[in-house]
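# Analysis of the macromolecular model
Each chain, letter by letter, is given below.
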Amino acid sequence: MPLEIIRADITKLKVDAIVNAANSSLLGGGGVDGAIHKAAGKELLEECRKLNGCNTGMAKITKGYNLPAKYIIHTVGPIYRGGNNNEKQELTNCYKNSLKLAKEHKINSIAFPIISSGAYGYPKDKAIEVATFAISSFLEENDMMIYLVVYDTLSFKISEDLFKDIKAYIDDNYVDSNSNFNINRGFGLIGGAGTSITPGFSTRIFIGTPNNKPDRRIPKEDGIMEMQLPSEKEALQKEPALKSIRTSSKSTSLEDRIENLEDTFSQRLLKLIDEKGKTDVEIYKKANIDRKLFSKIRSDIHYKPKKITALAFALALELSIDETKDFLQTCGYALSRSSKFDVIVEYFIKKNNYDVFEINNALFKFEEQTIGA
Ligand code: AR6
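By the naming in an unreviewed UniProt entry, the chain is Macro domain-containing protein, taken from Peptoanaerobacter stomatis.

The structure is reproduced here in structure tokens:
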């Protein structure tokens, strides 16, 4: 996914560039600035001295020195003075100008802290909103892997009422591992690929790495429930109608069944985009899926996405809960009661709330991975 919100120490990230929330002297300070200078080493300060400072909203680039990142882009956020002093525009400019510089240096991956949200006092939830909006606008025209780094859970705010409501929904619907279901435990959605860009600190990284090899088998992914099926006799006692279904299906030849296989994920996705009267670009941008991954899905009718990718498309398409379940089934997934993530997403779909920003805030609040912006 081109924009991912992660919780990490930015100085540890192995990306092409990290962004520093600096002050106009560019000579170091506290917060993330202090952490970056400390980790990069003294040579960074030497290079910064030659830059002659930087104005609010602007950005300058240096090498990364001892950091895992190759470059550091220094930008100066606005000091928050109540919100009516052009702070929003200045903060937007920080992201815009940093990304412009990154593009000029052919940077493919970049990580931002939440600029101005510490010492400069910008309310965290508002600062995140500005950041995601500015980054999403850039991604409408450009391809880049962009991480928005959240350092603490308090950064995400949701209203008390919404929190209570979701909590109640989770309590009613979440089935933990001690239930009677035979569950494959694990964080299925956190990307079995196990790709991590941080050695250590990061608590959640969710890389939507495409599955390069098309896998035509029905997937068995962590976090998906495997229910103990009743024996055929038990089932028939409970549900006699099953008998006729079973009998009639026996008469269908294997060839017929293969011919009548349902749509694959890729086929269904393209049909749904058409049915909803949307364009491909609208949907993959809204789903926060990058263009390359989308064209892979388009060109391989047997493409098997990660569950989070499929869910991102379901939200972008604003599918109802039944449509979502049906859509997930095309790639062998289900909404699982044993995954808090799934239960929270289900909560929002049932409320017809497809605002990914709000869903992400809630997911973060409940310490789950986010779905993209
Ligand atoms: N990794 C990621 N994020 C971090 C880290 C880290 N290691 N450390 C802090 N943050 P701030 P500002 C988060 O105060 O508000 C400096 O003194 C932190 O939780 O670093 O733009 C400069 O020299 C917060 O959400 O930057 C300036 O004088 C975010 O980074 C002034 O502070 C930004 O907090 C700039 O203030």
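### Digging into the nonpolar core
In terms of nonpolar packing, the biggest core is built from 47 residues, with Ile 166, Leu 269, Phe 313 and Ile 371 touching the most fellow members. Elements supplying a minimum of two residues to this core: helix 5 (160–173), helix 9 (265–275), helix 10 (280–286), helix 11 (291–299), helix 12 (307–316), helix 13 (321–329), helix 14 (340–350) and helix 15 (356–365). It is helix 12 that provides the largest number of residues to this core, a total of eight residues. Counting 32 residues, the second-largest nonpolar core is a separate cluster that includes Ile 73, Cys 94, Ala 134 and Ile 135.

### Side note on helix 12
An α-helical turn contains 3.6 residues, so a residue and the one three or four places further along point in the same direction. Most of helix 12 sits inside the fold, with ten of its ten residues counted as buried. Every buried residue of helix 12 is listed here: Lys 307, Ile 308, Thr 309, Ala 310, Leu 311, Ala 312, Phe 313, Ala 314, Leu 315 and Ala 316. On the buried face of helix 12, the contacting elements are helix 9, helix 10, helix 11, helix 13, helix 14 and helix 15. Immediately downstream of helix 12, the backbone of Glu 318 shows phi near 55°, a positive value.

### Focus on the pairing of strand 1 (residues 3–7)
Extensive coverage of strand 1 is indicated by the burial of five of its five residues. Along strand 1, one buried face is formed by Leu 3, Ile 5 and Arg 7 and the opposite face, lined by Glu 4 and Ile 6, is buried too. Bridge count between strand 1 and strand 6 (residues 145–150): five bridges; the pairing is parallel. Looking at strand 6, one finds that Ile 6 is bridged to Val 149.

### A word on helix 4 (residues 124–141)
When the terminal C-alpha atoms of helix 4 are compared, their 27 Å separation across 18 residues agrees well with the 26 Å that a helix rising 1.5 Å per residue should span. Within the span of helix 4, buried status applies to Ala 127, Ile 128, Val 130, Ala 131, Thr 132, Ala 134, Ile 135, Phe 138 and Leu 139.

### Quick word on the site of the ligand
The local shell around the ligand holds 22 residues, among which Gly 30, Val 32, Asp 33, Ser 117 and Gly 118 are the closest. Ser 116 is positioned with one of its backbone polar atoms (N or O) 2.8 Å from an oxygen atom of the ligand. In the environment of the ligand, an oxygen atom lies 2.8 Å from a nitrogen or oxygen atom belonging to the backbone of Ala 119. When isolated, the ligand has an accessible area of 700 Å², and the protein chains bury 90% of it. Judged by the fraction of its atoms near the pocket grid, the ligand is located in the largest pocket. Elements with a minimum of two residues in the shell around the ligand: strand 2 (17–22) and helix 1 (31–40). If you tally residues by element for the shell around the ligand, the top one is helix 1, at three residues. Taken together, the residues that form the shell around the ligand break down as eleven nonpolar, seven polar and four charged.

### Observations concerning the pattern of salt bridges
In total, this model carries 13 salt bridges according to the counting rule given. When the shortest N-O distance is used, the salt bridge between Lys 12 and Asp 9 registers 3.3 Å. Across the salt bridge formed by Glu 104 and Lys 100, the nearest N and O atoms sit 3.9 Å from each other. Here Glu 104 and its partner Lys 100 are both found in helix 3 (residues 87–104), four residues apart, which amounts to about one turn of the helix. Connected via shared salt-bridge partners are Asp 263, Arg 268, Lys 271 and Asp 326.

### Some remarks on the packing of helix 9 against helix 11
Across the interface, helix 9 lies against helix 11 with an axial gap of 8 Å and an inter-helix angle of 110°. Taken together, helix 9 and helix 11 sit at an angle that is classed as roughly perpendicular. Across from Phe 265, Ser 266, Leu 269, Leu 270 and Ile 273 in helix 9, the residues of helix 11 making contact are Phe 294, Ile 297 and Arg 298. Along the lines of polarity and charge, the residues of the contact of helix 9 with helix 11 split into six nonpolar, one polar and one charged.

### Thoughts on the layout of surface pockets
When its volume is computed, the largest pocket comes out at roughly 510 Å³. Around the largest pocket, the lining comprises 26 residues; the ones closest to its centre are Ala 21, Gly 31, Val 32, Ile 114 and Gly 118. At four residues, helix 1 tops the list of elements feeding residues into the lining of the largest pocket. In the lining of the largest pocket, the residues fall into 14 nonpolar, eight polar and four charged.

Thresholds applied
Residues numbered from 1 in each chain as written. Predicted model: local features only at pLDDT ≥ 70, side-chain atom pairs only at ≥ 80, totals over all residues. Heavy atoms only, no water. Core = buried A, V, L, I, M, F, W, Y, C linked by side-chain atoms within 4.5 Å. Buried < 20%, exposed > 50% of the residue type's maximum accessible area, 1.4 Å probe, protein only. Helix = DSSP H or I, 4+ residues; strand = E, 2+ residues; numbered from the N terminus. Contact = heavy atoms within 4.5 Å. Pairing = 2+ DSSP bridges. Expected span 1.5 Å × (residues − 1). Near = heavy atom within 4 Å. Polar contact = N/O pair within 3.5 Å; in protein donor to acceptor, adjacent residues only side chain to side chain. Areas by Shrake-Rupley, 256 points an atom, 1.4 Å probe, with all protein chains shown as cover. 1 Å grid on protein atoms, 1.4 Å probe; cavity = no way out; pocket = protein on both sides within 12 Å on 5 of 7 lines; lining within 4 Å. Sits in = over half its atoms within 2 Å of the grid points. Nonpolar A, V, L, I, M, F, W, Y, C, P; charged D, E, K, R; others polar. Salt bridge = Lys/Arg side-chain N within 4 Å of Asp/Glu carboxyl O. Axes fitted to C-alpha atoms, helices over the stretch in contact; angles between N-to-C directions. Parallel < 35°, antiparallel > 145°, perpendicular 65-115°, else oblique. Points joined across faces, edges and corners; volume = space filled by probe spheres on them.

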